[in-house]
Amino acid sequence: MTNAGKIVMPNQKLLIVGNGFDLDLGLRTTYWDFAKSRLWPCCAQTEIYSLYDFLEKEKKTQKWIDLEVSLRKYAREPAYESKALYDAKIVKSMYDKLVGNMMEYLNEEFRNAALVEDSMAVKVLRGVIANGFYDSVYTFNYTSLSDIANRLGLNTPPKTIHIHGALKNKTAILGFDEDVEVHDKLKFMYKAFNPSYLSNTLIHDLSTAEEVVIFGHSLGDIDYMYFKDFFTSLIMDSKNRCNRRKVTIFTCDYDSRMEILTQLHRRKLSIEQITRLNDFNIICTHGSDEGKLLDFLEYHDKMRKSDF
C-alpha cells in the first residue's frame, strides 16, 4: 500500500499520557522524587562497583536521575559491568528491591497526595471523557486513570492500556530497549524481557488515528520507538489532504516545549512540514496557553459523540 492510500479512521481519537500528566495533578512521581525519598535503597553504604553504588553516584553528581537511562549506563560501564557479571544474582536482587521500593513509594504518594482539581490535566481528562470518541487511552504511568477519575468525581475514562505496568497489578517494567547491546546476564533489564511486558497496539493505533493527544510525555530516547513511525507519517502520509491529522501535545512550559521540538528536529523531522500538513499544536500547562486550552476543550465539546 502506498502512502497516499494509507487509511486514517474517521473520528478515531487517541490519548497518550506520560509522567507530566501525573505531575500536573500534583503527584511527585519523578525518579528524582523517589531518589530523595526514604524508600530509595541506594543511599546506604554499599560495596564499590555495585548497582546501588553506581545509582547513588549518578544521583549525587548529576543532582537528578533518570533511572532507565542510568540502568542503561550501568549495564555498559566497563568497571561496573565486570563486577555485575561476577555477582549477577546480587545485581538482580538489588534491581528487584529497587523496583519494589519504587512501587511502594508511588503507591504511598498516590494514596496521600491531594490532587490539583483545577489543573490542566483534570480539564483535559474531563473533556476527553465527555467527548465519547476516545476508544482507549495509553499510559506510560503506573498510576490508574480510573482511580484518578474516581477521586476527582469524574465518569469512568475509556479503556486504559498500561505500557510499563501498573500499581494496581503490582507490576513495573523498568529498564531499556534491546537496541542497546549488553551481556546476557544483564538482559533482565531489557523491558521486553520483563515477565509483565505484554503486547499492545499503540504503534498500530497511532498509524490510524485521526486525532492524537499526548499529555506529559517527553518523547525521549527510551520510549521514542513507539512514536517514530507516527511522526514520520505526519509528513509522508499527510501530503495527501485526506490524511491531515489533528495532533495536540501538552507539556509543562517553554523549556519542555523546546525540548520536544528539538527532539523531533534532531531526528531529521521538519517542524514546519508537520505544522503545515497537519493541525499540530503544543500547549504549555504552565504559562499563557489558557486560550489554547479553551479552544481545545470547546472543540471537543462541539464534537461530542452524543451530538451525532
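Just above, that's the structure.
Below is a short write-up of the structure. Keep in mind that this is a model prediction, so the values were computed, not measured.

## Comments concerning the overall build of the protein
Check the secondary structure of the protein and you find 13 helices and six strands. In terms of overall size, the protein behaves like a compact globule, its C-alpha atoms giving a radius of gyration of 20 Å where 308 residues would be expected to give roughly 19 Å. The C-alpha extent of the protein, read off along each of the three principal axes, is 65 × 45 × 35 Å. The burial tally for the protein puts 53% of its 308 residues in the buried class. Taking the contacts inside the protein whose residues are at least 6 apart along the sequence as the reference set, 74% of them involve residues at least 24 apart. Surface exposure of the protein reaches about 15300 Å², of which carbon and sulfur atoms provide 51%.

## Regarding the packing of helix 4 (residues 67-76) against helix 5 (residues 78-86)
Interaxial distance between helix 4 and helix 5 falls to 5 Å at its minimum, and their mutual angle equals 80°. On the basis of the axis angle, helix 4 is roughly perpendicular to helix 5. Listed contacts from helix 5 to Y74, A75 and R76 of helix 4 are P78, Y80, E81 and A84. Residues that form the contact of helix 4 with helix 5 fall into these classes: five nonpolar, no polar and two charged.

## A closer look at the nonpolar core
By size, the foremost hydrophobic cluster in this structure holds 38 residues, and its most contacted members are W40, L55, L67, L98, M102, L174 and F176. Secondary structure elements with two or more residues in this core: helix 2 (31-35), helix 3 (51-62), helix 4, helix 5 and helix 6 (88-112). The biggest single contributor to this core is helix 6, with nine residues. Apart from the residues within four sequence positions on either side, L67 is in contact with Y31, F34, W40, L55, L98, M102 and L174. Counting residues in hydrophobic clusters, the runner-up holds 29 residues, among them I161, L202, V212 and I249.

## A word on the side chain of S207
Mapped onto the secondary structure, S207 falls in helix 9 (residues 202-208). At a separation of 2.5 Å, a polar atom in the side chain of S207 contacts the main-chain carbonyl oxygen of H204.

## Re the pattern of salt bridges
Per the counting criterion, the structure on display carries 18 salt bridges. Close ionic contact of R38 with E108 constitutes a salt bridge, the shortest N to O distance being 2.7 Å. With a gap of 70 residues between them, R38 in the loop between helix 2 and helix 3 and E108 in helix 6 connect regions that are remote in the sequence.

Cut-offs and rules
- Residues numbered from 1 in each chain as written.
- Predicted model: local features only at pLDDT ≥ 70, side-chain atom pairs only at ≥ 80, totals over all residues.
- Heavy atoms only, no water.
- Helix = DSSP H or I, 4+ residues; strand = E, 2+ residues; numbered from the N terminus.
- Rg over C-alpha atoms; globule rule 2.2 N^0.38 Å.
- Buried < 20%, exposed > 50% of the residue type's maximum accessible area, 1.4 Å probe, protein only.
- Contact = heavy atoms within 4.5 Å.
- Areas by Shrake-Rupley, 256 points an atom, 1.4 Å probe, with all protein chains shown as cover.
- Axes fitted to C-alpha atoms, helices over the stretch in contact; angles between N-to-C directions.
- Parallel < 35°, antiparallel > 145°, perpendicular 65-115°, else oblique.
- Nonpolar A, V, L, I, M, F, W, Y, C, P; charged D, E, K, R; others polar.
- Core = buried A, V, L, I, M, F, W, Y, C linked by side-chain atoms within 4.5 Å.
- Polar contact = N/O pair within 3.5 Å; in protein donor to acceptor, adjacent residues only side chain to side chain.
- Salt bridge = Lys/Arg side-chain N within 4 Å of Asp/Glu carboxyl O.

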